[in-house]
Amino acid sequence: MYVKVGISNKPKVRHAQLEKRTPFKFNLVEQFSGGGSKIAELEKYFHNKYERAGFAGFDGATEWLDCSDDLLGELRTINA
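The structure contained in this document is the topic of the report that follows.

Definitions and cut-offs
Residues numbered from 1 in each chain as written. Predicted model: local features only at pLDDT ≥ 70, side-chain atom pairs only at ≥ 80, totals over all residues. Heavy atoms only, no water. Helix = DSSP H or I, 4+ residues; strand = E, 2+ residues; numbered from the N terminus. Buried < 20%, exposed > 50% of the residue type's maximum accessible area, 1.4 Å probe, protein only. Lys, Arg positive; Asp, Glu negative; His and termini not counted. Salt bridge = Lys/Arg side-chain N within 4 Å of Asp/Glu carboxyl O. Core = buried A, V, L, I, M, F, W, Y, C linked by side-chain atoms within 4.5 Å.

### Examining the environment of Lys 10
Take Lys 10: it is sitting in the loop between strand E1 (2–4) and helix H1 (11–21). Once the C-alpha coordinates of Lys 10 and Ala 53 are considered, the two residues, 43 residues apart in sequence, prove to be 24 Å apart.

Written out as structure tokens, the structure reads:
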């Protein structure tokens with residue numbers, strides 16, 4: 001239903017934080033590594049193109065997007 005798009009310098013640590021602080025269960029779909037500016041561009045692109053889920057009140061809440069086939073398709077074709 002939702003996809004979180006965000007940046008972290010320590011993905012394993014961040015994922016563990018989110019598991020504790022997010023009020024629902026989630027699974028990792030894709031994870032990209034690369035230069036900071038390229039990853040920041042990707043994050044901005046997805047947040048500008050796709051609708052936000054409208055969450056608030058927990059860590060990372062504003063980075064969740066409404067999931068769609070188009071969004072998942074784009075995520076799965078990225079070569080970061």
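### Description of the environment of Leu 28
Along the chain, Leu 28 falls in the loop between H1 and helix H2 (36–49). A relative accessible area of 54% means that Leu 28 is categorised as exposed. Placed ten residues apart in sequence, Leu 28 and Lys 38 show a C-alpha to C-alpha distance of 20 Å.

### Brief notes about the side chain of Glu 43
With respect to the helices and strands, Glu 43 occurs in helix H2. Buried within the structure, Glu 43 lacks any salt-bridge partner; its nearest side chain of opposite charge belongs to Lys 4, at an N-O separation of 6.6 Å.

### A short note on the nonpolar core
Core analysis: the largest hydrophobic core is formed by eleven residues, namely Val 3, Val 5, Ile 39, Leu 42, Phe 46, Tyr 50, Leu 65, Leu 71, Leu 72, Leu 75 and Ile 78. Looking at this core, the elements with two or more residues in it are H2 and helix H3 (69–76). Residues Leu 18, Phe 26, Phe 58 and Trp 64 belong to the second largest nonpolar core, which totals six residues.

### Topic: the pattern of salt bridges
Counted according to the given criterion, the structure contains five salt bridges. Notably, a salt bridge pairs Glu 63 with Lys 4, separated by 2.3 Å at the nearest N-O pair. Separated by 59 residues along the polypeptide, Glu 63 in the loop between H2 and strand E2 (64–66) and Lys 4 in strand E1 bring together distant segments of the chain. With a shortest N-O distance of 2.8 Å, Lys 49 and Glu 74 are connected by a salt bridge. On the criterion of sequence distance, the pair formed by Lys 49 in helix H2 and Glu 74 in helix H3 is long-range, its members being 25 residues apart. The network of salt bridges with shared partners includes Arg 14, Arg 21 and Asp 59.

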